[in-house]
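# Secondary and tertiary structure notes
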Amino acid sequence: MVQIDPAPARAGAPEPPRPGPGTGEAAGLAVRDVVVRYGGRGAGGARTDPGTTAVAGVTLDVAPGEILALLGPSGCGKSSLLRAVAGLEPVASGAVAWDGRDLAGVPVHRRGFGLMFQEGQLFPHRDVAGNVAYGLAGLPRAERDARVTELLDVVGLAGYERRAVATLSGGERQRVALARSLAPRPRLLLLDEPLSALDRGLRERLALDLREALRATGTTAVFVTHDHDEAFTVADRVAVMDAGRLLQVAPPEDLWRAPASRRVAEFLGYQAFVPTEPSAAGRAMDRRGPDDDAPGASGGLLAIGPRGLRMVGSPGSDAESGSSSGLGTWAATVVGSVFRRGAVEVTVDVDLPGTDEGAPARLVALASGAGGADAPGPGPGERVRVVVDPAGCAVVAT
Ligand code: ADP
């Protein structure tokens with residue numbers, strides 16, 4: 001964790017504002033057409049090769065108090081964008097502004113932003129209180145102690161003041177790092193994969209606590225992650241990035257319900273895409289409630305979500321109830337099944353209609369019906385039927 005500005009409220013006046021082109025008057029963070037490039041320059045700054053364009057023209061706003069997740073596969077430019085906002089990376093073109101003021105030329109420590117990384121990088125020779133108080137050097141002792149106590153409470157570590165850093169678990173260390181980055185009240189907190197060094201269960205818990213802590217302190221935040229569950233848990237809005245560009249920015253529910261493209265849907269974990277009749281797609285989406293944005297009425301690809309397929313029985317059995325979705329039932333061959341998260345998940349091979357990938361698609365279907373954990377799933381090689389569950393699907397443009 002690097003605290004960029006230990007005490008923004010007391011560190012003197014921020015750099016004089018310089019109105020920039022196209023930054024508008026938006027409150028909070030405004031990112032306009034930002035490009036970040038690496039390399040490509042030899043001695044004397046002469047361009048030697050094209051280099052890498054890590055961020056290829058991103059425009060984005062983060063309102064005061066909002067938590068925005070930057071979500072995308074590794075290498076898509078999330079960290080580069082975050083670092084450009086922090087001032088750690090120069091922007092090749094475009095602008096970063098806060099409250100309508102261009103931050104070009106404003107050094108990292110004058111931006112009033114905080115940064116937290118994957119490894120909290122605590123000071124090993126300081127105890128917990130000493131770490132949290134790091135950015136509060138200008139405060140009178142009593143005020144500083146009160147702020148440390150308050151922040152440790154916010155991150156669920158009340159009473160940990162005197163603990164040595166070496167005695168903390170990985171999760172506790174990240175909580176201390178979070179308390180330290182929140183203590184000076186940064187006007188924007190930039191978090192780069194802060195949970196990804198932790199194991200899965202802990203990550204899920206900490207993601208919830210992280211959201212609580214940001215909310216409780218009213219902190220505006222940009223949170224980088226490659227994990228869509230984490231993004232959905234923590235953020236008010238999720239910005240999906242791919243190859244240096246933004247594909248879609250939306251609240252988690254909207255993103256899930258109406259991914260803007262096949263690429264976004266793939267990244268969210270939609271498992272298969274089936275060309276579909278306009279009428280059938282439209283009917284399927286109607287079942288999910290009104291949604292003016294869904295491209296169902298004009299046809300497209302039916303995107304089958306991780307919970308968008310149900311197993312309804314063996315072929316020839318009376319399992320046609322599923323076809324009422326208008327999207328068909330398909331014969332499938334069981335590969336295996338596991339009991340996970342309260343349901344039997346059956347991995348099946350299905351010949352999907354309208355896809356010409358040659359091999360059957362390997363998909364996961366939920367086994368419906370009574371029995372729960374005690375009911376054995378179907379065995380490998382068994383022939384079954386699967387049906388699309390519109391509630392777990394979306395329609396995306398081809
Ligand atoms: P993400 O955070 O999404 O994993 P990054 O912003 O770290 O992506 O990287 C985006 C692209 O920029 C990648 O191709 C990466 O290899 C490249 N890159 C990142 N940092 C540097 C650097 N310091 N020098 C050269 N290339 C870099």
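Labelled according to an unreviewed UniProt entry, the protein chain appears under the name ABC-type quaternary amine transporter, originating from Cellulosimicrobium protaetiae.

## Observations regarding the overall build of the protein chain
Within the protein chain, the secondary structure is distributed over 9 helices and 18 strands. In the protein chain, which comprises 398 residues, the proportion classed as buried is 47%. For the protein chain, the accessible area works out to roughly 17,900 Å², and carbon and sulfur atoms hold 51% of it.

## Points about the site of the ligand
Taken together, Tyr38, Thr52, Ala54, Pro73, Ser74, Gly75, Cys76, Gly77, Lys78, Ser79 and Ser80 form the complete shell of residues around the ligand. Taking Gly77, its main chain carries an N or O atom lying 3.0 Å from an oxygen atom of the ligand. One of the side-chain nitrogen or oxygen atoms of Lys78 is found 2.9 Å away from an oxygen atom of the ligand. Take the shell around the ligand: its biggest share by element is 3 residues, from helix 1 (residues 78–86). Here the shell around the ligand is built from residues that sort into 4 nonpolar, 6 polar and 1 charged.

## Re the sheet that holds strand 2 (residues 52–62)
If you trace the 4 strands from one edge of the open sheet to the other, you get 2-1-4-5, paired in antiparallel fashion. Looking at the sheet topology across the chains shown, the edges are occupied by strand 2 and strand 5 (101–102). Alignment of strand 1 (residues 29–38) against strand 4 (residues 93–98), held across 5 bridges, turns out to be antiparallel. Note that in strand 4 the partner of Val35 across the bridge is Ser93.

## Considerations on the pattern of salt bridges
According to the stated counting rule, one finds 21 salt bridges in the structure shown. Ionic pairing is found between Asp227 and Arg203, a salt bridge with its closest N-O pair at 3.2 Å. Here Asp227, found in the loop between strand 8 (221–225) and helix 6 (228–234), pairs with Arg203, found in helix 5 (residues 200–216); they are 24 residues apart in sequence, far enough to count as distant. Taken individually, Asp227 and Arg203 each receive the classification buried, so the pair is uniform in this respect. Arg263 is the salt-bridge partner of Glu266, the closest N and O atoms lying 3.6 Å from each other. Here Arg263 and Glu266 lie together in helix 8 (residues 262–268), a separation of 3 residues that amounts to about one turn. Here the salt bridges share partners, and the residues they tie into one network are Arg200, Arg203, Glu204, Asp227, Asp229 and Glu230.

## Topic: helix 3 (residues 141–154)
Residue pairs three or four apart in sequence face the same way in an α-helix, which turns once every 3.6 residues. With 14 residues, helix 3 should cover 20 Å at 1.5 Å per step; its first-to-last C-alpha distance of 20 Å lies within 8% of that length. Among the residues of helix 3, Arg147, Val148, Leu151 and Leu152 are the ones counted as buried. Buried residues in helix 3, looked at end-on, bunch into an arc of 130°, giving them a common side. Of the exposed residues in helix 3, those oriented more than 90 degrees away from the buried face are Ala142 and Asp153. Structurally, helix 3 contributes buried residues whose contacts are with helix 2 (128–132) and helix 4 (170–182). Positive backbone phi, approximately 80°, marks Gly156, located one or two places after helix 3.

## Brief notes about the pairing of strand 14 (residues 329–340)
Note: strand 14 against strand 17 (residues 383–388), 5 bridges, orientation antiparallel. Within strand 17, the position partnered with Ala331 by the bridge is Arg385. Alignment of strand 14 against strand 15 (residues 343–350), held across 8 bridges, turns out to be antiparallel. What sits directly across from Val338, in strand 15, is Glu345.

## As for the sheet that holds strand 7 (residues 188–192)
Reading across the sheet, the 6 strands line up as 6-7-8-3-9-10 and stay open at both edges, with mixed pairing between neighbours. Both outer strands of the open sheet, strand 6 (113–116) and strand 10 (245–250), are each paired with one neighbouring strand and no more. Across the sheet, the mean angle separating the axes of adjacent strands is 20° when strand polarity is ignored. In this structure, strand 6 lies alongside strand 7, joined through 4 bridges in parallel fashion. Opposite Leu115, over in strand 7, you have Leu190 as the bridge partner.

Definitions and cut-offs
In this numbering scheme, every chain counts its residues from 1 along its sequence in written order. In keeping with the model being predicted, local features are shown solely for residues with a pLDDT of at least 70 and side-chain atom pairs are shown and tallied solely at 80 or more, while totals for entire chains, interfaces and linings include all residues. Note: side-chain values were computed over all heavy atoms of the structure, leaving out hydrogens and water. Numbering of helices and strands runs from the N terminus, with a helix taken as a DSSP run of H or I at least four residues long and a strand as a DSSP run of E at least two residues long. Burial classes: relative accessible area under 20% of the type maximum marks a residue as buried, over 50% as exposed, and values in between as partly exposed (1.4 Å probe, protein chains only). The Shrake-Rupley method, run with a 1.4 Å probe sphere, supplies the accessible areas, and residue values consider only the shown protein chains as cover. Near is defined per residue: the residue qualifies when any heavy atom it owns lies within 4 Å of the molecule or strand. Whenever two N or O atoms come within 3.5 Å, that pair is a polar contact, provided that in protein one can donate a hydrogen and the other can accept it, and provided that, for residues adjacent in sequence, both atoms are side-chain atoms. Here the nonpolar group is Ala, Val, Leu, Ile, Met, Phe, Trp, Tyr, Cys and Pro; Asp, Glu, Lys and Arg are the charged ones; every other residue, Gly included, is treated as polar. One bridge is not enough; two strands pair if DSSP finds at least two bridges between them. Salt bridges are counted wherever a side-chain nitrogen of Lys or Arg sits within 4 Å of a carboxyl oxygen of Asp or Glu. To estimate how far a helix should reach, multiply one less than its number of residues by 1.5 Å. When we speak of the arc, we mean the arc of directions from the helix axis to the C-beta atoms. Pairs of residues are marked as contacts when any of their non-hydrogen atoms sit within 4.5 Å. In this analysis, axes come from line fits to C-alpha atoms, helices being fitted only over the stretch in contact, and the angle between any two N-to-C directions falls in the range 0 to 180 degrees.

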